[in-house]
Every structure is written in C-alpha cells, then in structure tokens.
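Each chain, letter by letter, is given below.
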Amino acid sequence: MIDPHCHSSSIMVERPAVVAFELMSDGLKQGQWAWGSLNRTEVEPGLFCGTSTFTGKQTFVRLNIDRARFQVDYEVGAAKEAMQFRNMSRVIPGELLRMGPDKCVVTLLTWRLETQTDAEWIQFGTIHEAEMFLIKGILERT
C-alpha cells in the first residue's frame, strides 16, 4: 500500500545507535545531509536556518529532541513565525532488531499537508529516500 498521509524511509547503518542519533539530533550537522536546509547556521539557541537545494530559499528548523527514545521532531518553515511540525527521525538500536550493538536503523518520517500537490508529495518522499544514503555515508566514513 502507498500511504497517502505519511512517508517513511529507513536505512541500516553500521554504527551504534548513539552515534547515529548524535547526527540526527544536531541542528548544524543535519545541514550536511538535509537537502531542504543545507549549510545551516544557528540563528538563536535551538533555531537553525539553512538553504534549500531546490528553491535557494531559507528554511528554518527547530529540533525537539527526545534522547531517551532516540527520536527528534523537526519543526520547519520558510520563516521563524511560520514553522510547524513536519518531520520526525528515529534511530532504532541494532540490539532491538537482533543486528548487534554496532548497527542501527535510521528512519525519517514526514506527513503530507492537505495543501501539497501529488508532485510535491512525491518529491518529499524521493528526497528523504536519497537523504538516507547521505546519512549512511556520513556515519560510516567517520
């Protein structure tokens, strides 16, 4: 089934979950792989701004981090005042999936806005799937 409301992308990474979570929960490091807001700067504590690869426009991001669950909720918007929850990442430790302690699975989730066209929704999913390979590459080469 193609889910019309939520897109998920996951990848196995040959690094411990705590290492992967540090990348996913660091607003500046996220700017290395998030094509919607690359080259981030921290404009105020906890608020980041990067540039979209696709539009060239600024994208603001705030991370709501749950370290105990290896989960991050991302608020995103074109302006600080227009931010809203859009995406979530979750890192699942390899032990929970019987992969061992030196592996984990990184997952990105995004939910479709009623205002998104079919083309925009396909683009979001395709971007997240490609970002999985960037995340894996960053984590496994360090």
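Residues numbered from 1 in each chain as written. Predicted model: local features only at pLDDT ≥ 70, side-chain atom pairs only at ≥ 80, totals over all residues. Heavy atoms only, no water.

Engineer: Quick rundown of the overall build of the protein chain? Include the residues and the values.
Structural biologist: Secondary structure assignment for the protein chain yields 2 helices and 7 strands. Put simply, the protein chain runs from its N terminus to its C terminus through helices and strands in the order β-α-β-β-β-β-β-β-α. A compact globule built from 142 residues should have a C-alpha radius of gyration of about 14 Å, and the protein chain, at 15 Å, falls within 12% of that. The principal-axis extents of the C-alpha atoms in the protein chain amount to approximately 40 × 40 × 25 Å. Put simply, the protein chain shows about 8000 Å² of open surface, and 56% of that area lies on carbon and sulfur atoms. (Helix = DSSP H or I, 4+ residues; strand = E, 2+ residues; numbered from the N terminus. Rg over C-alpha atoms; globule rule 2.2 N^0.38 Å. Areas by Shrake-Rupley, 256 points an atom, 1.4 Å probe, with all protein chains shown as cover.)

Engineer: Describe the pattern of salt bridges, naming the residues involved and giving the relevant values.
Structural biologist: This structure, assessed with the given rule, holds 5 salt bridges. A salt bridge links Asp-118 to Arg-112; its shortest N-O distance comes to 2.7 Å. Residue Arg-112 is classed as partly exposed on the basis of its relative accessible area, which comes to 26%. (Salt bridge = Lys/Arg side-chain N within 4 Å of Asp/Glu carboxyl O. Buried < 20%, exposed > 50% of the residue type's maximum accessible area, 1.4 Å probe, protein only.)

Engineer: Could you give an account of helix 2 (residues 118–141), naming the residues involved and the relevant values?
Structural biologist: If you check helix 2, its first and last C-alpha atoms are 35 Å apart, about what 24 residues at 1.5 Å a residue would give, namely 34 Å. Buried within helix 2 are the following residues: Trp-121, Gly-125, Ile-127, His-128, Glu-131, Met-132, Ile-135, Ile-138 and Leu-139. For helix 2, the elements touching its buried residues are strand 1 (6–13), helix 1 (17–24), strand 6 (84–93) and strand 7 (104–111). (Expected span 1.5 Å × (residues − 1). Contact = heavy atoms within 4.5 Å.)

Engineer: Quick rundown of a nonpolar patch on the surface? Include the residues and the values.
Structural biologist: There is a patch of nonpolar side chains on the surface, built from Leu-96, Leu-97 and Met-99 and spanning about 280 Å² of accessible area. For Leu-97, the location among the structural elements is in the loop between strand 6 and strand 7. (Patch = residues over 30% accessible without salt bridge, like charges linked within 9 Å, V, L, I, M, F, W, Y side chains within 5 Å.)

Engineer: Hey, could you go over the sheet that holds strand 7 for me, with residue numbers and the actual values?
Structural biologist: Pairing is antiparallel across the open sheet formed by 7 strands, whose spatial order is 1-7-6-5-4-3-2. With one partner strand each, in any of the chains shown, strand 1 and strand 2 (38–44) form the two edges of the open sheet. In this sheet, adjacent strand axes meet at a mean angle of 25° when their direction is disregarded. Here strand 5 (residues 71–77) pairs with strand 6 via 6 bridges, running antiparallel. What sits directly across from Asp-73, in strand 6, is Met-88. (Pairing = 2+ DSSP bridges. Axes fitted to C-alpha atoms, helices over the stretch in contact; angles between N-to-C directions.)

Engineer: Describe the environment of Thr-110, and please don't skip the residues or the numbers.
Structural biologist: Within the element layout of this structure, Thr-110 appears in strand 7. Thr-110 sits 104 residues away from Cys-6 along the chain, and the two C-alpha atoms are 5.6 Å apart. With residues up to four places along the chain from it excluded, the contact list for Thr-110 reads His-5, Cys-6, His-7, Arg-86, Asn-87, Trp-121, Phe-124 and His-128. Of note is the side chain of Thr-110, whose polar atom sits 2.7 Å from the side chain of Asn-87. (Polar contact = N/O pair within 3.5 Å; in protein donor to acceptor, adjacent residues only side chain to side chain.)

The values reported here are purely geometric and, on their own, carry no functional implication.
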